[in-house]
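Reading the structure
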Amino acid sequence: MYTQLGFWLIVFLLFIFLKEYPNRMTGATLICLVLQETLELAIPSYTQNLLILPFFKQRKWLLGIILYLLQVFALIYGLPYLLNGIGLMFPIQDRVDWRKEHITFSMIAFTVIATMFKLGLDRLIGDKQQKDDQLRHLKAQLNPHFLFNTLNNLYGLSVAGSKKLPDLMLKLSELLRYSLYETHQTYVAVQKELDYIHNYVELERIRLSDKTDIQLSISGDYTGQYIAPLLLIIFVENSFKHFSAPKGHPAFVHIQLGFQNGHLQLLVINSVDPDWVPSKNRSKGGLGLNNVKQRLDLIYPEQYTLKTTRESNIFKVNLTVDLN
């Protein structure tokens with residue numbers, strides 16, 4: 001309501017300063033005429049968008065056309081009397097007789113313009129809502145996906161009676177706290193996302209002990225930078241999920257994060273056994289990676305580059321994002 005009132009107040013003032021004042025009239029005569037001119041624009045806009053346009057949206061074309069013609073007829077022959085009645089409310093002598101004004105073109109033009117504006121606004125609002133809904137859906141898929149993998153690790157350690165279980169649960173609680181209380185925002189401070197990744201890497205370090213060479217390095221200045229939450233963890237998670245190594249060779253996961261001039265570069269490299277062939281029944285394993293690509297397209301369109309390469313014994317992910 002306030003937006004609508006503000007819009008028509010601006011139109012009212014524009015009529016005064018750009019059309020009528022001070023060349024033509026001042027005082028109550030000015031206010032009366034400008035109010036009538038504003039209503040001449042506002043009334044057909046609302047009757048068109050609130051009464052007629054819904055029938056066209058429902059694809060009731062014939063009914064919509066009939067009602068539109070009736071509306072234009074009613075406005076052309078009835079609106080002048082309404083505007084004259086409003087003029088009688090002002091104690092002035094120089095009144096405009098709107099029955100003598102040619103408003104046929106105005107009524108047709110105003111209703112068409114109002115329709116185009118309303119359709120464009122609805123499309124803009126609809127696109128934003130669709131984008132927000134899709135982002136919420138994608139983020140909702142990310143958290144259970146990660147939690148499922150981590151709980152599998154916990155289960156394996158609990159069965160084995162591992163002493164690492166308390167530390168692992170503590171790290172998991174920190175990860176879940178971030179997921180539950182921080183990621184509802186569109187953007188979070190880069191530092192929070194880095195803390196999340198650090199906790200995840202430490203969690204994997206506890207689980208894997210000395211079996212895997214795990215390295216995490218962060219360089220550059222990211223002060224005051226923000227990023228979409230849970231955007232980077234999928235690349236890190238996948239490296240731990242799919243790493244392997246030939247017999248007799250060390251397995252490794254190396255993660256490098258660099259920041260320069262508002263640009264983030266993520267490089268994730270993990271070892272791969274060249275003789276290992278993924279099982280066909282693991283087709284759902286790419287869920288997280290597909291989601292993060294969709295999120296990148298939605299949040300950072302034309303602002304990122306993503307390249308994945310598979311060599312004989314390594315798999316590499318190289319992501320660059322413009323955070324400005």
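Remember, it's a predicted structure, so these values are computed and weren't measured experimentally.

A short note on the nonpolar core
Residues I227, F240 and Y300 are the most contacted members of the largest nonpolar core, which totals 45 residues. At the level of secondary structure, the elements contributing two or more residues to this core comprise α4 (104-160), α5 (165-181), α6 (190-208), α7 (233-242), β4 (251-260), β5 (263-271), α8 (287-299) and β7 (314-322). The element contributing the most residues to this core is α6, with eight residues. Within the second largest apolar cluster, 17 residues are counted, among which are M25, I52, V72 and W98.

So, unusual backbone geometry
Peptide bonds are trans in most cases, and residues, glycine excluded, mostly fall at negative phi. Backbone geometry at N261 places phi at a positive 55°, although glycine is not the residue there. You can see N261 is positioned in the loop between β4 and β5. Given the relative accessible area of 64%, N261 is considered exposed.

So, the pairing of β4
Within β4, seven of the ten residues are buried, leaving the element largely enclosed by the surrounding structure. Relative to β4, strand β2 (residues 212-220) runs parallel, the two being bridged by nine bridges. Note that in β4 the partner of S219 across the bridge is G258. Bridge analysis of β4 against β5 gives eight bridges, and the strand direction is antiparallel. Note that in β5 the partner of F259 across the bridge is L264.

Quick word on the confidence of the model for the protein
Across the protein, pLDDT averages 85, with 90% of residues at or above 70. Looking across the protein, the model is least confident in α4, with a mean pLDDT of 77, and most confident in β5, with 95. In this model residues 281-285 is a low-confidence stretch, pLDDT under 50, and it forms five contacts with partners more than four residues away in sequence or in other chains.

As for the pairing of β5
In terms of residue burial, β5 counts as a mostly covered element, since seven of its nine residues are buried. Connecting β4 to the antiparallel partner β5 that follows it, the hairpin turn spans two residues, and N261 within it adopts a positive phi of roughly 55°. Across nine bridges, the pairing between β5 and β7 is antiparallel. Each bridged residue has a counterpart across the sheet, and for I269 the counterpart in β7 is K316.

Some thoughts on the packing of α6 against α7
Axis separation between α6 and α7 bottoms out at 10 Å; the angle between their running directions is 10°. Judged by the inter-axis angle, α6 sits roughly parallel to α7. Residues E193, Y196, I197, Y200, V201, E204 and L208 of α6 pack against I233, V236, E237 and F240 of α7. For the contact of α6 with α7, the residue count by class is eight nonpolar, no polar and three charged.

Details of the packing of helix α2 (residues 27-57) against helix α3 (residues 61-87)
Orientation of α2 relative to α3, taken along the N-to-C sense of each, is 160°, at an axis distance of 10 Å. Judged by the inter-axis angle, α2 sits roughly antiparallel to α3. Two packed elements cross with a definite hand, and for α2 against α3 that hand is right-handed. Grouping the amino acids of the contact of α2 with α3 by side-chain chemistry returns 18 nonpolar, seven polar and one charged.

So, the pattern of salt bridges
Counted under the stated rule, the structure contains six salt bridges. A salt bridge links D127 to R123, with the shortest nitrogen-to-oxygen separation between them at 3.4 Å. Highlighted residues: D127 and R123, both in helix α4, separated by four residues, approximately one helical turn. The exposed category is assigned to R123, whose relative accessible area is 57%. For the salt bridge of E202 with R205, the shortest nitrogen-to-oxygen distance reads 3.2 Å. Here R205 and E202 lie together in helix α6, a separation of three residues that amounts to about one turn. By relative accessible area, R205 is classed as partly exposed at 30%.

Overview of the packing of aromatic side chains
Counted according to the given criterion, the structure contains eight aromatic pairs. Summarising the aromatic geometry, the rings of F73 and Y77 are spaced 4.8 Å apart at their centres and angled 45° between planes, so their arrangement reads as tilted. Of this pair, F73 and Y77 both sit in helix α3, four residues apart, which is roughly one turn of that helix. Of the two residues, F73 and Y77, both sit in the exposed class. Ring plane angle 70° and centroid distance 5.8 Å describe the contact between Y200 and F240, whose orientation is recorded as edge-to-face. Pair noted here: Y200 is in helix α6 and F240 is in helix α7, with a separation of 40 residues, a long-range link. For F240, a relative accessible area of 3% corresponds to the buried category. What links up through ring pairs into an aromatic cluster is the set F7, W8 and Y46.

Definitions and limits used
Residues numbered from 1 in each chain as written. Predicted model: local features only at pLDDT ≥ 70, side-chain atom pairs only at ≥ 80, totals over all residues. Heavy atoms only, no water. Core = buried A, V, L, I, M, F, W, Y, C linked by side-chain atoms within 4.5 Å. Buried < 20%, exposed > 50% of the residue type's maximum accessible area, 1.4 Å probe, protein only. Helix = DSSP H or I, 4+ residues; strand = E, 2+ residues; numbered from the N terminus. Pairing = 2+ DSSP bridges. pLDDT = per-residue confidence, 0-100. Contact = heavy atoms within 4.5 Å. Axes fitted to C-alpha atoms, helices over the stretch in contact; angles between N-to-C directions. Parallel < 35°, antiparallel > 145°, perpendicular 65-115°, else oblique. Nonpolar A, V, L, I, M, F, W, Y, C, P; charged D, E, K, R; others polar. Left-handed = near helix turned anticlockwise from the far one by under 90°. Salt bridge = Lys/Arg side-chain N within 4 Å of Asp/Glu carboxyl O. Phe/Tyr/Trp six-rings, centres within 6.5 Å; stacked < 30°, edge-to-face > 60°.

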